Amino acid sequence: MLELPDSWVWDFWHAQDDDGTHHLFFLYASRALGDPNLRHRRAAVGHAVSTDLRTWRRVADALVHGSPPAFDQTATWTGSVVRGDDACWHLFYTGTTLTDEGQLVQQVGHATSADLHGWTKRADPVARADARWYEKVGGPAGWIDEHWRDPWVLRDPDGEGWHMLVTARSREGDVAERGVVGHATSPDLFTWTVQPPLTEPRHGFGQLEVFQAAAVEGRDVLVFNCLAGELSPERRERFGHGGIWAAPAASAVGPYDLDAAYLLTDESLYVGKIVDSAEGAVLLAFVNEGPDGAFGGCITDPMPLRWEGERLVVQR
């Protein structure tokens, strides 16, 4: 388990180097804030390493927010890491800026590293929500921020180039169901073109957070996250709560069957990530609600995954 005595830990992403060492990049903020709901605008990106996904050693932080007028001047949020054809590591993350009206503009930033330890940020964002398809800053009540975050970057499974899956909201549709899989493409990881969303805004999710397209035993699945408060009334009535979700996927880049999305966990855990380990595919997540109902703020030990028919099941 990754638990820090003086800080809350929540969203995270993973990479594994040539020596087999696991690298965990995670959001954290000081517990001195008192209220964990204040953590989001104080977030920095920490870094820890492990050989077994259970015992972690913290190393130097990966990223901190920029200085005004940087696009990430408020906070640095969730992302992903991939290795490019140049053997360089590429970290994509969410940079946030608070407007004078109190709205957060979220954009995707990019940093590079030769060794997963020392990171160099690019000054400008590489992708932002395109108003042709996506809701922009100043949206409807309850959704006034510009939602364009949590970039999950992966190689094109059928050819050259790269895809980015992004937490986003459609500019059209029922307000409670506008959550979509935002999409951008790149030939080289440096130049990105925002594309129409990969899903439609009608599946019962106000937002789909922190995507991961993964394969477990050769079967593709899309993992994402949504709490009860961001579900449509119909989906909330059907499932009773939110948590970590999985949806059948025809491939890593879809189509995704969001109508058939099902819960992997309840809301006690959040931001699930599938990781390949020596024991097979496992799930890591952060503890959202402890036994007393308070925010947990730590990352679990690995939990085995298995298929039961058409559904992926977590062995907790």
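Keep in mind that what you see is a predicted model, and the values were worked out from it rather than measured. Throughout, a residue's number is its position along its own chain's written sequence, starting from 1. Since the coordinates come from a predicted model, pLDDT governs what is reported: local features require at least 70, and pairs of side-chain atoms require 80 or more to be given and counted, while whole-chain, interface and lining totals use all residues. By convention in this description, side-chain values take in all heavy atoms of the structure and omit both hydrogens and water.

**Notes on the overall build of the chain**
Part 1 of the reasoning: Secondary structure assignment for the chain yields one helix and 20 strands.
Part 2 of the reasoning: Seen along its three principal axes, the alpha-carbon backbone of the chain occupies a region of about 50 × 50 × 45 Å.
Part 3 of the reasoning: Here the chain, with 316 residues, has 58% of them falling under the buried criterion.
Part 4 of the reasoning: Contacts were defined at the residue level, with two residues in contact if any of their heavy atoms lie within 4.5 Å. For the chain, contacts bridging at least 24 residues in sequence account for 51% of all contacts bridging at least 6.
Part 5 of the reasoning: In short, Shrake-Rupley with a 1.4 Å probe defines the accessible areas, and a residue's cover is counted only from the protein chains shown. By element, 47% of the accessible surface of the chain is carried by carbon and sulfur atoms, the whole surface being about 13100 Å².
Part 6 of the reasoning: Counting 27 positive and 46 negative side-chain charges, the chain places the averaged centre of each group 3 Å from the other. Only DSSP runs of H or I with at least four residues qualify as helices, and only runs of E with at least two residues qualify as strands; both kinds are numbered from the N terminus onward. Relative accessibility decides the category of a residue: with a 1.4 Å probe and only protein chains considered, values under 20% of the type maximum give buried, values over 50% give exposed, and everything between is partly exposed. The charge count treats Lys and Arg as positive and Asp and Glu as negative. His and the chain ends do not count. A charge is said to be at NZ when it belongs to Lys, at CZ for Arg, at CG for Asp and at CD for Glu.

**A word on the pairing of strand E6 (residues 89-98)**
Part 1 of the reasoning: Along E6, nine of the ten residues are buried, which leaves the element largely enclosed by surrounding structure.
Part 2 of the reasoning: When DSSP finds at least two bridges between two strands, those strands are taken to pair. Between strand E5 (residues 75-83) and E6, which pair antiparallel in sequence order, lie five residues; one of them, Ala 87, sits at a positive phi of approximately 70°.
Part 3 of the reasoning: Examined bridge by bridge, E6 and strand E7 (residues 104-113) share ten bridges and lie antiparallel to one another. By the bridge assignment for E7, Gly 95 is matched with Gln 107.
Part 4 of the reasoning: Here E6 folds back onto E7, and the loop between the two strands holds five residues, one of which, Gly 102, carries a positive phi near 85°.

**Focus on the packing of aromatic side chains**
Part 1 of the reasoning: Two rings from Phe, Tyr or Trp (for Trp, the six-membered ring) form a pair when their centres are within 6.5 Å of each other. A pair whose planes differ by under 30 degrees is stacked, one over 60 is edge-to-face, and the rest are tilted. Enumeration over the complete set of coordinates arrives at 14 aromatic pairs.
Part 2 of the reasoning: Seen from their ring centres, Tyr 134 and Trp 148 are 4.9 Å apart, and the 65° between their planes marks the pair as edge-to-face. Taken together, the residues span a long stretch of sequence, with Tyr 134 in the loop between strand E8 (120-121) and strand E9 (148-155) and Trp 148 in strand E9 at a distance of 14 residues. Each member of the pair, Tyr 134 together with Trp 148, is buried.
Part 3 of the reasoning: Considering the side-chain rings of Tyr 270 and Phe 286, the 6.0 Å spacing of their centres and the 80° angle between planes classify their relative orientation as edge-to-face. Highlighted residues: Tyr 270 in strand E17 (residues 269-277) and Phe 286 in strand E18 (residues 280-287), separated in sequence by 16 residues. This pair shows no difference in class: Tyr 270 is buried, exactly as Phe 286 is.

**Re the sheet that holds E6**
Part 1 of the reasoning: Across the sheet, four strands lie side by side as E5-E6-E7-E8; this open sheet has antiparallel pairing. Lying at the two open borders of the sheet, with one neighbouring strand each, are E5 and E8.
Part 2 of the reasoning: Sheet topology note: the E5/E6 ladder contains seven bridges and is antiparallel. Paired with Ala 75 across the bridge in E6 is Thr 96.

**Things to note about the sheet that holds strand E20 (residues 311-314)**
Part 1 of the reasoning: Within the open sheet, the four strands sit side by side as E17-E18-E19-E20. Their pairing is antiparallel. Looking at which strands have only one partner, the edges of the open sheet turn out to be E17 and E20. Neighbour-to-neighbour, the strand axes of this sheet turn through a mean angle of 40°, independent of strand direction.
Part 2 of the reasoning: In this structure, strand E19 (residues 303-308) lies alongside E20, joined through four bridges in antiparallel fashion. When the sheet's bridge partners are listed, Trp 307 is paired in E20 with Leu 312. Think of each axis as a best-fit line through the C-alpha atoms, taken over the contacting stretch in the case of a helix, with angles from 0 to 180 degrees between the N-to-C directions.

**Description of the pattern of salt bridges**
Part 1 of the reasoning: The term salt bridge refers to a side-chain nitrogen of Lys or Arg lying within 4 Å of a carboxyl oxygen of Asp or Glu. All chains considered together, the criterion is met by 16 salt bridges.
Part 2 of the reasoning: A salt bridge links Arg 58 to Asp 61; the nearest nitrogen and oxygen atoms lie 3.5 Å apart.
Part 3 of the reasoning: We classify Arg 58 as partly exposed; its relative accessible area is 35%.
Part 4 of the reasoning: A salt bridge links Arg 149 to Asp 150, with the shortest nitrogen-to-oxygen separation between them at 3.6 Å.
Part 5 of the reasoning: On the accessibility criterion, Asp 150 (3% relative accessible area) is buried.

**A closer look at the nonpolar core**
Here is a general trend for soluble globular proteins: nonpolar side chains tend to be buried in one another's company.
Part 1 of the reasoning: To define a nonpolar core, start from buried Ala, Val, Leu, Ile, Met, Phe, Trp, Tyr and Cys residues and group those joined through side-chain atoms within 4.5 Å. Of all hydrophobic cores here, the largest spans 42 residues; its most connected members are Leu 2, Phe 25, Phe 26, Val 81, Leu 91 and Trp 119.
Part 2 of the reasoning: Leu 2 has contacts with Val 9, Leu 24, Phe 26, Ala 48, Trp 56, Cys 298 and Ile 299, leaving out every residue within four places of it along the chain.

**Quick look at the side chain of Ser 80**
Part 1 of the reasoning: Along the polypeptide, Ser 80 turns up in strand E5.
Part 2 of the reasoning: Only 3.2 Å separates the side chain of Ser 80 from the backbone nitrogen of Val 153, close enough to count as a polar contact.
Part 3 of the reasoning: Leaving out residues up to four positions away in the same chain, Ser 80 has contacts with Trp 13, His 90, Leu 91, Phe 92, Pro 151, Trp 152 and Val 153. For the purposes of these results, a polar contact is taken to be a pair of N or O atoms within 3.5 Å, where, inside protein, one atom must be able to donate a hydrogen and its partner to accept one; residues adjacent in sequence count only when each atom of the pair is a side-chain atom.

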